[in-house]
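Coordinate analysis (summary)
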Amino acid sequence: MTAIAPAATAPASTHDPLWETRLFSAPHYDGIDHQLADARSRLRRVSVRAAYQEVLHHRAVLVDIRPAAQRAAEGEVAAHLVPLVVERNVLEWRFDPRHDARLPVAGFDTRVLVLCQEGYTSSLAADALVRLGVRRASDVVGGFRAWREAGLPVAR
């Protein structure tokens with residue numbers, strides 16, 4: 001048998017401060033609008049009316065990721081629709097089916113509809129879930145503001 005020598009690792013170049021980024025193929029975006037467009041390219045976003053129908057007929061879990069202060073100021077989706085409140089900073093841990101901190105509803109096939117205030121942060125959050133393997137995750141176009149303006153059930 002012939003021994004195989006370990007591959008030599010290239011030292012960090014003093015002329016290339018981004019060498020670590022290239023090693024891991026981290027995406028580079030030309031601003032947040034580009035990042036948002038990339039995230040949305042992996043989603044089939046739903047209107048507020050379609051989200052309401054899916055939740056009403058128990059075909060999806062509606063997840064409000066807004067902070068408590070924003071929910072208190074703006075209102076919430078009516079309780080009879082059983083929205084889950086999972087603030088953005090713990091969303092991935094609660095919906096990763098492999099993680100110990102997951103919610104009972106977490107699953108790779110769970111239909112998760114993420115809701116934020118206006119439909120921007122929810123796109124990034126839903127994309128994070130898709131990247132974790134929650135393949136049916138998406139977000140609600142226009143967020144809670146559009147939900148309320150459409151006259152859908154809310155609570156104060």
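Sequence positions are assigned chain by chain, starting from 1 and proceeding in written order. A pLDDT threshold of at least 70 governs which residues receive local features in this predicted model, and a stricter bar of 80 or more applies before side-chain atom pairs are shown or counted, although totals over entire chains, interfaces and linings include all residues. Excluded from the side-chain calculation are hydrogens and water; included are all heavy atoms of the structure.

**Describing the packing of aromatic side chains**
Note on aromatic pairs: the rings of Phe, Tyr and Trp (six-membered ring only in Trp) are paired at centre separations within 6.5 Å, and the planes decide the class, stacked below 30 degrees, edge-to-face beyond 60, tilted for the rest. Counted under the stated rule, the structure contains 1 aromatic pair. Consider the rings of tyrosine 52 and tryptophan 147, whose centres lie 6.0 Å apart with planes at 75 degrees: the pair is edge-to-face. Separated by 95 residues along the polypeptide, tyrosine 52 in helix α3 (residues 48-56) and tryptophan 147 in helix α7 (residues 143-149) bring together distant segments of the chain. Judged by relative accessible area, tyrosine 52 falls into the buried class, the value being 17%. Burial classes: relative accessible area under 20% of the type maximum marks a residue as buried, over 50% as exposed, and values in between as partly exposed (1.4 Å probe, protein chains only). The exposure class of tryptophan 147 is buried, given its relative accessible area of 0%. Over the ring of phenylalanine 144 we find arginine 66, and its NZ or CZ is 4.2 Å from the ring centre. The way it works is that DSSP assigns letters per residue, a run of H or I at least four long becomes a helix, a run of E at least two long becomes a strand, and they are numbered from the N terminus. Any Lys NZ or Arg CZ found within 6 Å of a ring centre and within 35 degrees of that ring's normal is scored as a charge over the ring.

**Here we look at the environment of histidine 34**
Note on placement: histidine 34 falls in helix α2 (residues 32-40). On the basis of relative accessibility, which here comes to 39%, the residue histidine 34 falls in the partly exposed class. Pairs of residues are marked as contacts when any of their non-hydrogen atoms sit within 4.5 Å. If we ignore the near neighbours within four places in the chain, the residues touching histidine 34 are His28 and Tyr29.

**Section: the nonpolar core**
Side chains that are nonpolar tend, in soluble globular proteins, to be buried together. In these notes, a set of buried Ala, Val, Leu, Ile, Met, Phe, Trp, Tyr and Cys residues joined through side-chain atoms within 4.5 Å is what counts as a nonpolar core. Within the largest apolar cluster, 16 residues are counted, with the highest numbers of intra-cluster contacts made by Val63, Ile65, Leu91, Phe95, Val112, Val114 and Leu129. Looking at this core, the elements that each hand over two or more residues are β1 (61-64), α5 (91-95), β4 (112-115) and α6 (121-131). Non-local contacts of valine 63, meaning those with residues more than four positions away in its chain, are made with Leu84, Val86, Leu91, Phe95, Val112, Leu113, Val114 and Leu115. In terms of nonpolar packing, the next biggest core, distinct from the first, is built from 15 residues, Val48, Val77, Leu115 and Trp147 among them.

**Considering the sheet that holds strand β3 (residues 84-85)**
Only strands that DSSP links by at least two bridges are regarded as paired with each other. The sheet built from 4 strands is open, its strands ordered β3-β1-β4-β5 with parallel pairing. Edge positions in the open sheet fall to β3 and β5 (138-139), since each of these has one partner strand only. Where β1 and β3 come together, 2 bridges link them in parallel fashion. Looking at the pairing, valine 63 lines up with leucine 84 of β3. Here an axis means a line fitted to C-alpha atoms, over the contact stretch when the element is a helix, while the angle between two N-to-C directions is reported on a 0 to 180 degree scale. Against the sheet, α6 makes contact with β4 and β5, and its axis sits at roughly 150 degrees relative to β4, the strand it touches most.

**Here we look at the packing of α2 against α6**
In contact at an axis separation of 9 Å, α2 and α6 are set at 50 degrees when each is read in the N-to-C sense. When the axis of α2 is compared with that of α6, the two are oblique. When you trace α2 past α6, the crossing you get is left-handed. For the pair α2 and α6, the contacting residues are Ile32, Gln35, Leu36, Asp38, Ala39 and Arg40 in the first and Ser123, Leu124, Asp127 and Arg131 in the second. Charged means Asp, Glu, Lys or Arg here, nonpolar means Ala, Val, Leu, Ile, Met, Phe, Trp, Tyr, Cys or Pro, and polar covers whatever is left, Gly included. For the contact of α2 with α6, the class distribution of residues is 4 nonpolar, 2 polar and 4 charged. An angle below 35 degrees is treated as roughly parallel, one above 145 as roughly antiparallel, one from 65 to 115 as roughly perpendicular, and anything else as oblique. By definition, any crossing whose near helix is turned counterclockwise from its far helix by less than a right angle is left-handed, and any crossing with a clockwise turn is right-handed.

**Points about α3**
Along α3, the residues classified as buried are Val48, Ala51, Tyr52, Glu54 and Val55. Along α3, the residues classed as buried sweep out an arc of 165 degrees about the axis, all on the same side. Packed against the buried residues of α3 are β1, β4 and α7. Here the arc refers to the directions that run from the helix axis out to each C-beta atom.

**Quick notes on α6**
For α6, the complete set of buried residues consists of Ser122, Ser123, Ala125, Ala126, Asp127, Ala128 and Leu129. Each element contacted by the buried residues of α6 is listed here: α2, α5, β4 and β5. Where α6 ends, the next residue or the one after it, glycine 133, has phi of about 105 degrees, a positive value.

**Looking at unusual backbone geometry**
A positive phi angle, close to 60 degrees, is found at histidine 58, a residue other than glycine. Summarising the element assignment, histidine 58 is placed in the loop between α3 and β1.

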